[in-house]
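Structural overview
Given next are the chains, with one letter for each unit.
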Amino acid sequence: MTSQDATSLTVAVFGLGYVGTVTAAGLAASGHRVVGVDVDPHKVEQVRAGRSPVVERGVEELLTDAVARGLLTATTYPVEAMERADVSLLCVGTPSGAHGETDLTYVRRAVDDVRAAMDVATPPASGHHSVVVRSTVPPGTVSEVVAPHFSGPLPRGWSVGTAMVPEFLREGTGVDDFYDPPFVVVGTDSAPTLAAMADLFAFLDVRTRPVAVGTAEGLKYACNAFHAAKISFANEMGRVLSPHGVDVREVMAVFCEDRKLNLSPAYLRPGFAYGGSCLPKDLRSLQHLARFEGRDVPLLLGTEQTNELVIRQVVDWVIAQDCRRVALLGLSFKSDTDDLRESPNVELAERLIGKGFDLTVYDPIINPDRLVGANRRHVQARLPHLDRLLACTPEAALDGAEVVLVAHSDPELASALVAAAPRAVLDLNGRLGAEVEALPGYEGIAW
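So, here's what we can say about the structure. Per chain, residues are indexed from 1 in the order of the written sequence. With pLDDT at 70 or above as the cut-off, local features in this predicted model cover only qualifying residues; side-chain atom pairs require 80 or more to be listed or tallied, and sums for whole chains, interfaces and linings still use all residues. To get the side-chain values, take all heavy atoms of the structure and skip hydrogens and water.

Moving on, we come to the nonpolar core. As a rule of thumb, nonpolar side chains are buried together in soluble globular proteins. Buried Ala, Val, Leu, Ile, Met, Phe, Trp, Tyr and Cys residues form a nonpolar core when they are joined through side-chain atoms within 4.5 Å. Accessible area is worked out with a 1.4 Å probe on protein chains only. A residue is then buried under 20% of its type maximum, exposed over 50%, and partly exposed in between. With 39 residues, the main nonpolar core has V11, L27, L89, M197 and F201 as its most contacted residues. Not counting residues up to four positions away in its chain, the partners in contact with F201 are L27, R134, V165 and V184. One finds W317, L328, L371 and L389 within the second-largest nonpolar core, a separate group that totals 34 residues. The contact rule is simple, with two residues in contact once any of their heavy atoms fall within 4.5 Å.

Have a look at this one:
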């Protein structure tokens, strides 16, 4: 678990809870010199004695070895930890406040300690120190809470870069997760800090991935929310299907074998609402089964409600533009199909027409004369005058349009948009390319 070729850094780890203890032990065992900092003297004494202050499989062996090699110690005094330190890692608690907000008290205190210690401690040989948040914090914390402490004049010999490097450690498997993380994400705008993080985690067989600071902050929330949703989803499937004699353990075991759609990047992109002939219908069917058995399925109900909110969001955006002429590029529920059944784009078109907007629609595949069966019946019920709304080319749809909604990603749509440069463009797809996104009036629905 060590790398003889890696650059050895001096690291101050603030907070000796689960994250801080595992991080300090893992970094020290991998060759870095680490000093843990905590306000609790009992935790500090335990680390100094090579004992873990937390129960975590495998961490005490790392601590014992690192302390014996002189690579790990602990203190209650931040100045001691900051002596010649290249990096300070903030691993302090971020509990919930009374209303669910993140309490940043300990983060602020740790940042105050780091900045105050710089007035006394000897700076690192490189002159650069990286203040890195490992705790889970809301977007904006690094730029608005951490960085301002170091924006003014600093003591001689110190320069500071700030970063967010989220941890992905599960209690009970923290040591294994430390040495085998899904990714090492570094959110920073400081090149020296990015280089320091590459050195810090060089012993891992994972490349350091630079991202925007806000991306790194938001990533941990996205991961944890998705994990919570997965647990709730599996439980709701059990609640709905088990009364019908279904062993949902087997259902989910087979479900997880699908790496093409179920456990994959498929559908995990922000964009417009879902639709089509399957998802809405089958979701309603599950909800009916649940009602029939008297079972609550708030996650499934919330999925439908969230979908409705996305459509409402777009309508509200169009209204806020204070324009009447609107072009909708894409009508079927996704590109490369003429299936209009329960397409959210049809729903969107219907609502805009109902509110009096002058709407023009272009879809490269849709031809009213070729619609048959359920597809035709659906359109006749929702958009009986579709033939009058449809334009033959994207250029014709864009002619005179003040507001453009882009639901599909066909290359011809992107080219037409760049040429027309309309006043306002709302991208519902997210795959139109850099040229479209550079247009002055461009907005993404969720980015």
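Following the structure, the description resumes.
On to the sheet that holds strand β13 (residues 442-444). Only when DSSP finds a minimum of two bridges between them are two strands counted as paired. Runs of H or I in DSSP of at least four residues are treated as helices and runs of E of at least two as strands, each being numbered from the N terminus. Sheet architecture is open: five strands sit in the order β10-β9-β11-β12-β13, paired in parallel fashion. Among the strands making up the open sheet, the edge pair consists of β10 (358-362) and β13. Shown here is a sheet whose adjacent strand axes are inclined to one another by a mean of 20°, direction ignored. Examined bridge by bridge, strand β9 (residues 325-329) and β10 share five bridges and lie parallel to one another. Within the sheet, the bridge partner assigned to L329 lies in β10 and is Y362. Axes here refer to lines fitted to C-alpha atoms; in helices the fit is confined to the stretch in contact. Angles between the N-to-C directions go from 0 to 180 degrees. The sheet contacts of helix α13 (residues 344-354) involve β9, β10 and β11 (403-406), and relative to β9 the element is tilted by about 170°. Sheet strands in contact with helix α17 (residues 411-420) are β9, β10, β11 and β12 (424-427), and its direction is about 160° off that of β11.

For any two helices packed against each other, one specifies the crossing angle of their axes together with the interaxial distance. Closest axis-to-axis distance for the helix α11 (residues 279-293)/helix α12 (residues 298-320) pair is 10 Å, and the angle between their directions is 145°. The two elements α11 and α12 meet at a crossing, and its hand is left-handed. Here L283, R284, L286 and Q287 of α11 come into contact with α12, specifically with L300, L301, T303 and E304. Broken down by class, the residue content of the contact of α11 with α12 amounts to four nonpolar, two polar and two charged. Crossing chirality is assigned from the near helix's rotation relative to the far helix, an anticlockwise turn below a right angle marking it left-handed and a clockwise turn marking it right-handed. Amino acid classes used here: Ala, Val, Leu, Ile, Met, Phe, Trp, Tyr, Cys and Pro are nonpolar; Asp, Glu, Lys and Arg are charged; the rest, including Gly, are polar.

Here we come to α17. For α17, the complete set of buried residues consists of L413, A414, A416 and L417. All buried residues of α17 fall inside an arc of 165° around its axis, so they share one side. Turned more than 90 degrees away from the buried face of α17, the exposed residues are P411 and A419. Buried residues along α17 sit in contact with β9, β10, α16 (394-398), β11, β12 and α18 (434-437). Immediately beyond the C-terminal end of α17, within one or two residues, lies A421, with a positive phi of roughly 45°. What the arc covers is the set of directions going from the helix axis to the C-beta atoms.

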